[in-house]
Amino acid sequence: MAFVIYGAGAIGGVLGARLHSAGFDVKLIARGAHLAAIRSSGLRVESPEGATTVPVPTYGSPSEAGVGPGDVVILTMKGQDTPDALEALREVAGPSTPVVCIQNGVANERLALRLFSHVYGVCVMFPAAHVQPGVVQARSAPVPGILDIGRYPGGIDDGARSVAAALVKAGFVSEPREDIMRWKYRKLIMNLGNAVAALCGPGDDGAKQVTALLQAEGESVLATAGIDVVDAGLDQERRGDILRMPQFEGRAPSGSAVQSLLRGTGSIEADYLNGEIVLLARLHGVEAPGNELVRQLAVVAARERVAPGSVPSGELLEKLSGVISRR
Ligand SMILES: NC(=O)C1=CN([C@@H]2O[C@H](COP(=O)(O)OP(=O)(O)OC[C@H]3O[C@@H](n4cnc5c(N)ncnc54)[C@H](OP(=O)(O)O)[C@@H]3O)[C@@H](O)[C@H]2O)C=CC1
Ligand SMILES: CC(C)(CO)C(=O)C(=O)O
């Protein structure tokens, strides 16, 4: 049985290295310059505890990696890359292959369930970074992340239990949960700030105010849609002080969307985070102009490959008050 980590960037790279070091059979799937760098020099994993280079077998596609009976596929690409990735996966993985979504947002599980019968959602509290080919960073130590897991759309089964046990063996905190999507909707609210951090830049303190506006809009849309979300206090209690992020040399800025702009990937996850709120608003006859504006600005910033910080928080607040007051 192998863990096939599909999209081995920040999250997948650190996760794959930890599982490999814990003695599991791991295959990474990566692409582009990152794949070439891992193939030539191994995967370098940096953390507050130091740096190691891990010799994890790495492949360029699911067909090259091979997915055997008993293997578990873990999706760790960003939401906008999931549809294409699943198409390539189905060519070599049978429909009952377990597919675990260690991804933000709430859309990946549904996409996977259309093609695969055993799908799991993970609430990802795991700060990691990937800003140069061949190198990933775990920002938290000694525990790199909290990865609670549940069967999608709900429930716990032996698959969820065994993945949680493997994650714990690899040094993560992980519990199986009956209601994993309620936790993932809470995380979605937190992630409405990802695009804001990318637009304003990681050092812009005013970004918090912008994010708060988007989160209030997001909470209101989820309530209108009748979606049950874990209480923010309970989420905070679950996090406790497990994640510790001391400074270390060469530490990259936090935030997966900031990292997309820093790497100039040409895409960003905003359609699956802010865009999820916009979609729900449209489905339920309300509006989400703040999240719509920020999603559009973020997608354009990524497409035009501008650096983080292209829209300072003052300017973004002004644009937002324009669209919100016109409602
Ligand atoms: N980074 C973080 O701190 C956190 C991230 N998350 C979530 O985890 C998920 C992963 O994020 P993160 O690790 O930051 O993302 P990254 O962009 O660092 O890693 C994803 C990797 O997958 C690659 N990829 C995409 N599609 C394919 C494919 N078809 N075949 C091979 N490789 C592919 C990407 O390549 P390319 O670069 O070419 O696009 C990239 O290297 C996201 O949903 C994110 O929101 C959650 C919590 C924290
Ligand atoms: C909360 C945050 C910003 C932590 O890194 C995250 O989930 C992400 O980077 O996608």
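No experiment lies behind these values; they were computed from the predicted model shown. All residue numbers refer to positions counted from 1 along the written sequence of the respective chain. Labels follow written order: the first chain is A, the first ligand is 1, and so on. Where local features are concerned, this predicted model is filtered to residues with pLDDT of at least 70; where side-chain atom pairs are given and counted, the filter is 80 or more; whole-chain, interface and lining totals use all residues.

Enquirer: Any details on the site of ligand 1? Residues and values, ideally.
Expert: For each residue, a C-beta atom is placed from the backbone, and the residue counts as near a molecule or strand when that atom lies within 6 Å of it. Looking at ligand 1, there are 28 residues lining it, with Gly 7, Gly 9, Ala 10, Asn 104 and Ser 256 nearest. Listing elements by their share of the shell around ligand 1, those giving two or more residues are helix H1 (10-21), helix H2 (32-41), helix H4 (82-90), strand E9 (128-132) and helix H11 (256-263). By the criteria applied, helices consist of DSSP H or I runs no shorter than four residues and strands consist of E runs no shorter than two, each listed in order from the N terminus. Element by element, the count of residues in the shell around ligand 1 is highest for H1, at three residues. In this classification, Asp, Glu, Lys and Arg are treated as charged, Ala, Val, Leu, Ile, Met, Phe, Trp, Tyr, Cys and Pro as nonpolar, and every other residue, Gly included, as polar. Broken down by class, the residue content of the shell around ligand 1 amounts to ten nonpolar, 13 polar and five charged. What marks off one domain from the next here is an automatic or database domain assignment. There are two domains that each give the shell around ligand 1 at least three residues, and those are domain 1 (2-178) and domain 2 (184-325).

Enquirer: Residues and numbers for the nonpolar core, please.
Expert: Nonpolar cores are built from buried Ala, Val, Leu, Ile, Met, Phe, Trp, Tyr and Cys residues. These are joined into a set through C-beta atoms within 7 Å. With C-beta atoms placed from the backbone, a residue counts as buried when 20 or more other C-beta atoms lie within 10 Å of its own, as exposed when 12 or fewer do, and as partly exposed for counts between those limits. Counting residues in each nonpolar core, the largest one holds 101 residues, and the members touching the most others are Leu 75, Val 100 and Ala 298. Of the domains in this structure, domain 1 (2-178) and domain 2 (184-325) are the two that each give at least three residues to this core. We call two residues in contact if the C-beta atoms placed from their backbones are at most 7 Å apart. Residues contacting Ala 298, with those up to four places away along its chain left out, are Ala 195, Ala 198, Leu 199, Ala 257, Ile 268 and Ala 270.

Enquirer: Describe the sheet that holds strand E10 (residues 135-138), listing the residues and the values that go with them.
Expert: Across the sheet, which stays open at both edges, the four strands sit in the order E4-E3-E10-E9 with mixed pairing between neighbours. A strand with exactly one partner marks an edge of an open sheet, and here the two such strands are strand E4 (50-54) and E9. For this sheet, the mean inter-axis angle between neighbouring strands, taken without regard to orientation, is 25 degrees. Of the pairings in the sheet, the one linking strand E3 (residues 43-47) to E10 comprises three bridges and is parallel in character. The residue bridging Val 45 from the neighbouring strand is Val 136, located in E10. When DSSP finds two or more bridges between a pair of strands, those strands are recorded as paired. Between N-to-C directions, angles cover 0 to 180 degrees, with each direction set by a line fitted to C-alpha atoms, over the stretch in contact for helices.

Enquirer: Quick one: what's the story with the environment of Gly 206, residue by residue and with numbers?
Expert: Mapped onto the elements of the fold, Gly 206 is located in the loop between helix H8 (194-200) and helix H9 (207-224). Along the sequence, Gly 206 and Val 196 sit ten residues apart, while their C-alpha atoms lie 10.0 Å from each other. Once you skip the residues sitting within four places of it in the chain, Gly 206 turns out to touch Cys 200, Ser 313, Gly 314 and Leu 317.

Enquirer: Which residues make up the sheet that holds strand E8 (residues 119-125), and what values do they have?
Expert: Read across the open sheet, the seven strands follow the order E5-E2-E1-E6-E7-E8-E11; overall the sheet is mixed. One side of each edge strand has no neighbouring strand; the edge strands of this open sheet are strand E5 (58-59) and strand E11 (146-151). With three bridges joining them, strand E6 (residues 72-75) and strand E7 (residues 99-101) adopt parallel strand pairing. The residue of E7 that forms the bridge with Leu 75 is Cys 101.

Enquirer: Go over the domain arrangement of the protein, please, and point to the residues and values.
Expert: Under the domain assignment, the protein is made up of domain 1 (2-178) and domain 2 (184-325). For domain 1 and domain 2, the distance between their C-alpha centroids amounts to 23 Å. Tallying the contact residues gives 25 residues for domain 1 and 27 residues for domain 2. Counting only elements with at least two residues in the side of domain 1 that touches domain 2, the list comes to E8 and E9. Among the elements that line the side of domain 1 that touches domain 2, the one with the most residues is E8, at four residues. Here the side of domain 1 that touches domain 2 is built from residues that sort into 14 nonpolar, eight polar and three charged.

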